Amino acid sequence: MRVCLIHGSTQGPHGWDLLARELMAWGAKVVAVDMPVDRPSEGAEFYANEVVKQMPAGEAPVVVAHSSAGLILPVVASRIKVSRLIYLAAVIPEPGKVFLDRVKRTPKMFQPDWPGKDPTKSEELARHFLFHDCDERTARWAMTTLRLWMATGVAKEACPLRQMPAIPTDYISGTLDRALNPVWWEEAAQSL
């Protein structure tokens, strides 16, 4: 099995290291994609192409997106053949719709004290919002993976898809998530 892991907005690809190690121990071939941090105005198609560039040729991968990377996950499936899409505590785009418009209409998709916070700038914020349920050793390691990936162009553009791909798709909720509202996103995921 091949697995492609796409990091979210507050960690770089090394945030997947512990999971990647476990998957490789089971025989999976794993690629943790490194999203460019110097291109914030680019849209979903640009970032989906970046994922494709970093994927070695071979069998159709399972593609996992965390957090804001969920906005590009189905676009990746329009670029390469994938076997499954997995949203891991991730946002889900609406084809043809602008994500920031959705945020304005539905602020309950986030936890009330999350908007406007940048945990990559403060260990206190990172511990509170991202690593509150980690043991101390894991939290210390996780702090080394912090990195801001601002994909504002993706959030401001209409999702370039006309419909979601007809591919097996799963949603894994972070029930203790302090950024996304897991109840809201679990309900939204029912339409996948």
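The residue numbering used here restarts from 1 in each chain and proceeds along that chain's sequence as written. For this predicted model, a pLDDT threshold of at least 70 governs which residues receive local features, and a threshold of 80 or more governs which side-chain atom pairs are given and counted, while totals over whole chains, interfaces and linings are taken from all residues. Just so you know, side-chain values use all the structure's heavy atoms and leave hydrogens and water out.

*Asks:* Give me the lowdown on the overall build of the chain, citing residues and values where you can.
*Replies:* The number of helices and strands found in the chain is eight helices and five strands. Numbering goes from the N terminus for both helices and strands, where a helix is a DSSP run of H or I of at least four residues and a strand is a run of E of at least two. Secondary structure elements of the chain, listed N to C terminal, follow the sequence β-α-β-α-β-α-β-α-α-α-α-β-α. Summarising its shape, the C-alpha atoms of the chain cover approximately 45 × 40 × 35 Å along the three principal directions. Type-normalised accessible area, obtained with a 1.4 Å probe on protein chains alone, sets the label of each residue: buried when under 20%, exposed when over 50%, and partly exposed for intermediate values. Every one of the 192 residues in the chain was classed for burial, and the buried ones make up 46%. Relative to all contacts within the chain whose residues are 6 or more apart in sequence, the contacts with residues 24 or more apart total 69%. In the structure as shown, the chain presents an accessible area of about 10100 Å², 53% of it carried by carbon and sulfur atoms. His is not counted, nor are the chain ends; Lys and Arg add positive charge and Asp and Glu add negative charge. A charge is said to be at NZ when it belongs to Lys, at CZ for Arg, at CG for Asp and at CD for Glu. Averaging the positions of the 22 positive and the 22 negative side-chain charges in the chain gives two centres separated by 4 Å. Working rule for contacts: check all heavy atoms of both residues, and any pair within 4.5 Å makes them a contact. Note on areas: Shrake-Rupley with a 1.4 Å probe; residue coverage comes only from the protein chains shown.

*Asks:* Would you mind going over the pattern of salt bridges in detail, with residue names and values included?
*Replies:* What makes a salt bridge here is a side-chain nitrogen of Lys or Arg within 4 Å of a carboxyl oxygen of Asp or Glu, nothing more. All chains considered together, the criterion is met by eleven salt bridges. For the salt bridge of D170 with R84, the shortest nitrogen-to-oxygen distance reads 2.4 Å. On the criterion of sequence distance, the pair formed by D170 in strand 5 (residues 169-172) and R84 in strand 4 (residues 84-90) is long-range, its members being 86 residues apart. Taking the relative accessible area as the measure of exposure, D170 reaches 29% and is therefore partly exposed. Note on R84: relative accessible area 31%, which makes it partly exposed.

*Asks:* Talk me through the sheet that holds strand 1 (residues 2-6); I want residue IDs and the actual numbers.
*Replies:* Pairing is parallel across the open sheet formed by five strands, whose spatial order is 2-1-3-4-5. Each end of this open sheet is capped by a strand with a single partner; those strands are strand 2 (29-33) and strand 5. The mean inter-strand angle of the sheet, taken between neighbouring strand axes irrespective of direction, is 15°. In this description, strands pair whenever DSSP reports at least two bridges between them. Axis definition: a line fit to C-alpha positions, over the contact stretch in the case of helices; interaxial angles, taken between N-to-C directions, run 0 to 180 degrees.

*Asks:* Tell me about helix 2 (residues 44-54), and please be specific about residues and values.
*Replies:* Restricting attention to buried positions, one finds in helix 2 the residues A44, F46, Y47, A48, E50 and V51. Buried positions along helix 2 lie against strand 1, strand 2, helix 3 (73-77) and helix 7 (152-156).

*Asks:* With reference to specific residues and values, describe empty space enclosed by the protein.
*Replies:* Only protein atoms enter the 1 Å grid used here. Points where a 1.4 Å probe fits but cannot escape make up a cavity, open sets with protein on both sides within 12 Å along at least five of seven lines make up a pocket, and a residue lines them when an atom lies within 4 Å of a point. Grid points are joined across faces, edges and corners, and a volume is the space filled by probe spheres set on the points. Going through the model one piece at a time under the given rule, you end up with one cavity of 30 Å³ or more. In this structure, the largest cavity spans a volume of roughly 50 Å³. Under the scheme applied, nonpolar residues are Ala, Val, Leu, Ile, Met, Phe, Trp, Tyr, Cys and Pro; charged residues are Asp, Glu, Lys and Arg; polar residues are all the others, including Gly. Residues of the lining of the largest cavity, tallied by class, amount to seven nonpolar, no polar and two charged.

*Asks:* How would you summarise the environment of R84 if you had to cite specific residues and measurements?
*Replies:* The sequence separation of R84 and A69 amounts to 15 residues, and the corresponding C-alpha distance is 15 Å. Look past the residues within four positions of R84 in its chain and what remains in contact with it is P61, V62, V63, I167, P168 and D170. Counted as a polar contact is a pair of N or O atoms within 3.5 Å, where, for protein atoms, one must be capable of donating a hydrogen and the other of accepting one, and residues adjacent in sequence contribute only when both atoms are in side chains. At a separation of 2.4 Å, a polar atom in the side chain of R84 contacts the side chain of D170.

*Asks:* Explain the layout of surface pockets residue by residue, including any values.
*Replies:* Estimates place the volume of the second largest pocket at around 150 Å³. Together, M1, V3, L5, L19, L23, V62, V64, I86, L88 and I172 line the second largest pocket. Its residues assigned to classes, the lining of the second largest pocket comprises ten nonpolar, no polar and no charged.

*Asks:* Now, about the packing of aromatic side chains: what can you tell me, with residues and values included?
*Replies:* Pairing of aromatic side chains requires ring centres within 6.5 Å, counting the rings of Phe and Tyr and the six-membered ring of Trp. Pairs whose planes differ by under 30 degrees are stacked, by over 60 edge-to-face, and all others tilted. Per the stated rule, a full pass over the model turns up five aromatic pairs. An angle of 80° between the planes, with centres 5.2 Å apart, marks the rings of Y47 and W149 as edge-to-face. You can see Y47 sitting in helix 2 and its partner W149 sitting in the loop between helix 6 (136-143) and helix 7, a full 102 residues away along the chain. For the pair shown, Y47 and W149 are each scored as buried. Both rings, one in W114 and one in F129, keep their centres 5.1 Å apart while their planes meet at 65°; by these two values the pair is edge-to-face. In this pair, W114 sits in the loop between helix 4 (99-105) and helix 5 (123-129) while F129 sits in helix 5, placing the two residues 15 residues apart along the sequence. For the residue pair W114 and F129, the accessibility class agrees, reading buried in each case.

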